[in-house]
Amino acid sequence: MDRIKLEGMEFSGCHGCLPVEKEVAQRFLVDVSLSLSLLAAGRDDDPAETVDYAAVFTMVQEIVEGPAVSLIETLAERIAGAIFTKFSRVEKVRVAVHKPQAPLPGKFEDVSVILVRQRP
């Protein structure tokens, strides 16, 4: 399998378990890795044989900037599901959602959830 990666996509959203997290937007970073065959795209220089990176970015943005959820696990699942729904060429997806400003009681660099899903 070949891969297309979009890393460090940055969005603002109101996600978390605490009431204040649903009211005050925080920064979220998202990485997506798509596994698919890029043989025809590379050979034929045909955009129809790959995935539109801008469409992936916009889809992730709409999910992260959309309705609030309690868990970043939920954001990651929604992103993976939307990718499989819209892009039939994708066989496997890896999604990482980072919440670097999570309300933890000490100093830390990042909190993230990483999931890998394969098309059934």
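Residues numbered from 1 in each chain as written. Predicted model: local features only at pLDDT ≥ 70, side-chain atom pairs only at ≥ 80, totals over all residues. Heavy atoms only, no water.

## Observations regarding the nonpolar core
One broad trend across soluble globular proteins is that nonpolar side chains are buried collectively.
Phase 1 of the analysis: If you look at the biggest cluster of nonpolar residues, it comprises 32 residues, and the most contacted ones within it are V30, L34 and I79.
Phase 2 of the analysis: Considering every element that reaches this core, the biggest residue donor is helix α3 (residues 72-86), with 8 residues. (Core = buried A, V, L, I, M, F, W, Y, C linked by side-chain atoms within 4.5 Å. Buried < 20%, exposed > 50% of the residue type's maximum accessible area, 1.4 Å probe, protein only. Helix = DSSP H or I, 4+ residues; strand = E, 2+ residues; numbered from the N terminus.)

## A short note on the packing of helix α2 (residues 53-64) against α3
Phase 1 of the analysis: Where α2 contacts α3, the axes come no closer than 10 Å and their chain directions differ by 145°. Both α2 and α3 take part in a crossing whose hand is right-handed. Touching A55, M59, V60, I63 and V64 of α2 are L75, R78, I79, A82, I83 and K86, all from α3.
Phase 2 of the analysis: Looking at the contact of α2 with α3, its residues break down into 9 nonpolar, no polar and 2 charged. (Axes fitted to C-alpha atoms, helices over the stretch in contact; angles between N-to-C directions. Left-handed = near helix turned anticlockwise from the far one by under 90°. Contact = heavy atoms within 4.5 Å. Nonpolar A, V, L, I, M, F, W, Y, C, P; charged D, E, K, R; others polar.)

## Describing the packing of aromatic side chains
One pair of aromatic rings is described through two measures. These are the centre distance and the angle between the planes.
Phase 1 of the analysis: All chains considered together, the criterion is met by 1 aromatic pair.
Phase 2 of the analysis: A centroid spacing of 5.1 Å and a plane angle of 55° characterise the contact between F11 and F57, whose relative ring orientation is tilted. Of the two residues, F11 sits in strand β1 (residues 2-13) while F57 sits in helix α2, which places them 46 residues apart along the sequence.
Phase 3 of the analysis: A relative accessible area of 4% means that F11 is categorised as buried. (Phe/Tyr/Trp six-rings, centres within 6.5 Å; stacked < 30°, edge-to-face > 60°.)

## Concerning the sheet that holds strand β3 (residues 92-98)
Phase 1 of the analysis: Pairing is antiparallel in the open sheet, where 4 strands are placed in the order β1-β2-β3-β4. Strand pairing shows two members of the sheet lacking a second neighbour, β1 and β4 (112-118), which therefore form its edges. Direction aside, neighbouring strands of the sheet carry axes that sit 15° apart on average.
Phase 2 of the analysis: Note that β3 and β4 share 7 bridges and pair antiparallel. Across the sheet, the residue bridging to V93 is R117, located in β4. (Pairing = 2+ DSSP bridges.)

## Re α2
Phase 1 of the analysis: With 12 residues, α2 extends 17 Å from end C-alpha to end C-alpha; this agrees with the ideal 16 Å at 1.5 Å per step.
Phase 2 of the analysis: In this structure, the buried residues of α2 make contact with β1, β2 (26-36) and α3.
Phase 3 of the analysis: Measuring from the backbone nitrogen of A54 back to the side-chain oxygen at the start of α2 gives 3.0 Å, which picks out D52 as the cap. (Expected span 1.5 Å × (residues − 1). Polar contact = N/O pair within 3.5 Å; in protein donor to acceptor, adjacent residues only side chain to side chain.)

## Structural notes on the side chain of Q26
Phase 1 of the analysis: Within the element layout of this structure, Q26 appears in strand β2.
Phase 2 of the analysis: With relative accessibility at 9%, the residue Q26 sits in the buried group.
Phase 3 of the analysis: A distance of 3.2 Å separates a polar atom in the side chain of Q26 from a polar atom in the side chain of E21.
Phase 4 of the analysis: If we skip the residues at most four places from it in the chain, Q26 touches F11, S12, G13, H15, E21, K99, Q101 and A102.

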